[in-house]
Amino acid sequence: MKNRRKNREAFAQHSFWQSYSDMMAALLLIFILIIAITLAIYKQKTTDLENTRLDLSAAQTELDEAQAQLDAARVDLEQSKLEIEQSNEELAASLAELQVAYEQAALTQEELNNAYLEIESAQNELAATKSELQDIVGIRTDIIGALQSTFNNSSMTVDAQTGSITFSSDVLFRYNSSTLTSESKETLQDIIPMYLEVLLQEQYRNYIAEIIIEGHTDTDGGYQGNMELSYNRANAVATFCLDEKNGLNETKIEQLQQLLTVNGRSYSDPIYKKNAAGNATDEIDMAASRRVEIKFRLKEDEMIEKISAILNQE
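Residues numbered from 1 in each chain as written. Predicted model: local features only at pLDDT ≥ 70, side-chain atom pairs only at ≥ 80, totals over all residues. Heavy atoms only, no water.

1. Some remarks on a negative patch on the surface
A surface patch of like charges, here negative, comprises Glu78, Glu85, Glu89 and Glu90. Relative to the assigned elements, Glu89 resides in helix α1 (residues 2–150). Judged by relative accessible area, Glu89 falls into the exposed class, the value being 58%. (Patch = residues over 30% accessible without salt bridge, like charges linked within 9 Å, V, L, I, M, F, W, Y side chains within 5 Å. Areas by Shrake-Rupley, 256 points an atom, 1.4 Å probe, with all protein chains shown as cover. Salt bridge = Lys/Arg side-chain N within 4 Å of Asp/Glu carboxyl O. Lys, Arg positive; Asp, Glu negative; His and termini not counted. Charge placed at Lys NZ, Arg CZ, Asp CG, Glu CD. Helix = DSSP H or I, 4+ residues; strand = E, 2+ residues; numbered from the N terminus. Buried < 20%, exposed > 50% of the residue type's maximum accessible area, 1.4 Å probe, protein only.)

The structure is reproduced here in structure tokens:
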């Protein structure tokens, strides 16, 4: 019995330590398992963290690239903005220039229209003036014809080209005198009214620009002395014409006063002798040079000047 109890106690003691050992082994195994699991989890977490870090680094790189692109885009945007502003300024300047050009074009067109109107007016005036000139040219022929017809039975000759009549100073005045002789007054009373009555007819009067009494001398003496003599002789004839006692009525005298001009020419326009063939020589005809001419000027000179002015304007 004692041996059996001893065996049982020995077996019981052995069973306790065995259980404890098993428990410790189990705990150690669990601890190792926990460490293994922890290491595995740590490794996984470390791997995940590294992957996350790599992803974050890649994302940062992408973010940096995106930021760089954004900065470049911002620079491009600023440049584009400056270019747009510059373009707007250039456009505004172009619009201003265009507006000025348009205004100038409008002004030029207005000036052009005015010029066309002026040209048209000038052309109309030129046509009217030409028509008047043609009438005047015909009038000259008519006046000269009327004067020649009036003096047909007279000793006085009418110049076929100019329509003038000429009195010899030797007939009208004594030597170096400007006083009409009695005989000359009778001659003038016969001739002057006939000549002026033709020029002062209503059908011709409006075409007459000037009636001229012109004195001439020979070449004896000085120019100034002959100038005074020639003028005084012409003026003596003009004074005679303006006297009612010498043939013209008051109305004709008033008309003559509006047209009459008195000139002294001294010896500036002498008459030269002609040879047998009728050609002028270099020898002055002294007697013929001493003369008083009465002539007329039509308004054709004014018409010609007017036409010339119009043509110059065009």
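Picking up where we left off.
2. Some thoughts on the packing of aromatic side chains
Counted by the stated rule, this structure contains two aromatic pairs. Considering the side-chain rings of Phe151 and Tyr195, the 6.4 Å spacing of their centres and the 50° angle between planes classify their relative orientation as tilted. Linking Phe151 in the loop between α1 and β1 (165–168) with Tyr195 in helix α3 (residues 182–199), this pair joins segments that are 44 residues apart in sequence. There is no split in this pair, since Phe151 and Tyr195 are both buried. With centroids separated by 5.4 Å and ring planes inclined at 85°, the aromatic side chains of Tyr223 and Tyr267 adopt a geometry described as edge-to-face. Placement of the pair is Tyr223 in helix α5 (residues 223–241) and Tyr267 in the loop between β3 (260–264) and β4 (272–274), with a sequence separation of 44 residues. For Tyr223, a relative accessible area of 37% corresponds to the partly exposed category. (Phe/Tyr/Trp six-rings, centres within 6.5 Å; stacked < 30°, edge-to-face > 60°.)

3. Overview of the pattern of salt bridges
Within the structure shown, the criterion is met by 10 salt bridges. As a salt-bridge pair, Asp71 and Arg74 come within 2.9 Å of each other at their nearest N and O atoms. Pair noted here: Asp71 and Arg74 are both in helix α1, with a separation of three residues, about one helical turn. On the basis of relative accessibility, which here comes to 34%, the residue Asp71 falls in the partly exposed class. Look at Arg74 and you get partly exposed, because its relative accessible area is 42%. Measuring nitrogen to oxygen at the nearest pair gives 3.5 Å for the salt bridge that ties Asp269 to Arg291. Of this pair, Asp269 sits in the loop between β3 and β4 while Arg291 sits in strand β6 (residues 291–298), placing them 22 residues apart in sequence. When its relative accessible area of 33% is taken as the criterion, Asp269 is described as partly exposed. For Arg291, a relative accessible area of 2% corresponds to the buried category. Residues joined in a network through salt bridges with shared partners are Asp170, Asp218 and Arg290.

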